[in-house]
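Inside the fold
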Amino acid sequence: TAAFAASQGPLLMPGTYTVKLLDNGKTYTSQVKVAADPLSKATTEDRQLQFDTSMKIYATLERMSDLVDSMLSAHAQAQEMASKLPPTDATRKRLEALADSIDTLRSKIVATKEGGAVTGEERIRELTAELYGNVAFYEGRPTQTQINRAAALDTELTAVVNDYDALMKKELPAVNQMLQKKKLPAIKLPAAEAKSGD
């Protein structure tokens, strides 16, 4: 499901920012001054806490996105390799079991039914995206409940990350060895993308 609440970056702190445009090997720079809303009653400290909290939730969403990408890739590869083998083949059954285990873990993170929140199925991703929207687009101090909720959701995600890592560490070498004997390609997990501040 689309996480509309997380479709935009957080509000920046007031200050002067350098904007870079890279075009065919050339770099163009300009400065943009961001000013606080003069009607806002939020203090600088309130805005800083709001920004910091938004960025923590944003980081959780990024980590979650990387994890789901890895899950989808591994799941698709397992299913593809399984489809090349007879229904009764032991390697196929192992691949199908791996795909099912990945699906079970992924269902803890994202709503798997079309419509997501509309159908009442909310998982870590939907809850985190909603929290991000509530914090990032309110120009004021986040509540302690929101701060605690952000930490709790990140902890929930970490538990799934650990379970997925353990599953891959246990199953992938054995599955790939079985695939090698069948002269089929090994399942490869996508490399984590480098994050850049530019």
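Relevant structure appears above.
Residues numbered from 1 in each chain as written. Predicted model: local features only at pLDDT ≥ 70, side-chain atom pairs only at ≥ 80, totals over all residues. Heavy atoms only, no water.

Quick notes on the pairing of strand β2 (residues 26-34)
Inclusion rule: Here a strand pair is declared whenever DSSP counts at least two bridges between the two strands. Where helices and strands are cited, they refer to DSSP runs of H or I of at least four residues and of E of at least two residues respectively, numbered from the N terminus.
Summarising the sheet, strand β1 (residues 15-23) and β2 pair through nine bridges and their orientation is antiparallel. Counted as the bridge partner of Asp23 is Lys26 from β2. Taking the residues between adjacent antiparallel strands as the criterion, β1 and β2 are bridged by two residues, where Asn24 takes a positive phi near 55 degrees.

Quick notes on the packing of aromatic side chains
Counted only if it meets this: Planes of paired rings set the category: under 30 degrees apart is stacked, over 60 is edge-to-face and the rest tilted, where pairs are Phe, Tyr or Trp rings (Trp by its six-membered ring) whose centres lie within 6.5 Å. Buried, partly exposed and exposed residues are distinguished by accessible area as a fraction of the type maximum, computed with a 1.4 Å probe on protein chains only: under 20%, between the cut-offs, and over 50%, respectively.
The tally for this structure, following the rule as stated, stands at two aromatic pairs. Here Tyr58 and Tyr132 contribute two aromatic rings whose centre-to-centre distance is 6.0 Å and whose plane-to-plane angle is 45 degrees, an arrangement assigned as tilted. Here Tyr132 lies in helix α3 (residues 124-136) and Tyr58 lies in helix α1 (residues 44-83), a separation of 74 residues in the sequence. With a relative accessible area of 30%, Tyr58 lands in the partly exposed category. For the ring pair Tyr132 and Phe137, a centre distance of 6.0 Å and an interplane angle of 85 degrees mean the geometry is edge-to-face. Judged by its relative accessible area of 0%, Tyr132 falls in the buried class. Under the relative-accessibility criterion, Phe137 is labelled partly exposed at 38%. Of the aromatic side chains, those joined through ring pairs into one cluster are Tyr58, Tyr132 and Phe137.

Things to note about the layout of surface pockets
What counts here: Cavities and pockets were defined on a 1 Å grid built over protein atoms only: a cavity is a set of grid points that admits a 1.4 Å probe from which the probe cannot escape, a pocket is an open set flanked by protein on both sides within 12 Å along at least five of seven lines, and lining residues are those with an atom within 4 Å of any such point. Grid points are joined across faces, edges and corners, and a volume is the space filled by probe spheres set on the points. Three classes are used, and their members are as follows: Ala, Val, Leu, Ile, Met, Phe, Trp, Tyr, Cys and Pro are nonpolar, Asp, Glu, Lys and Arg are charged, and the others, Gly among them, are polar.
Taken as a whole, the second largest pocket encloses approximately 210 Å³ of empty space. Along the walls of the second largest pocket sit 10 residues, with Ala6, Leu61, Glu62, Ser65 and Arg125 positioned nearest its centre. Per element, the largest residue contribution to the lining of the second largest pocket is seven residues, and it comes from α1. Considering only residue class, the lining of the second largest pocket consists of six nonpolar, one polar and three charged.

What about the environment of Ala35?
As for its placement among the helices and strands, Ala35 is situated in the loop between β2 and α1. Separated by 22 residues in sequence, Ala35 and Met13 place their C-alpha atoms 8.1 Å apart.

Here's the deal with unusual backbone geometry
For residues other than glycine, phi is negative in most cases, and the peptide bonds are mostly trans. Phi is positive for Asn24, close to 55 degrees, though the residue is something other than glycine. Looking at the secondary structure, you find Asn24 in the loop between β1 and β2. On the basis of relative accessibility, which here comes to 76%, the residue Asn24 falls in the exposed class. At Lys183, a residue that is not glycine, the phi angle is positive and equals roughly 60 degrees. You can see Lys183 is positioned in the segment after α4 (144-181). On the basis of relative accessibility, which here comes to 75%, the residue Lys183 falls in the exposed class.

By themselves, these observations are geometric and do not establish any function.
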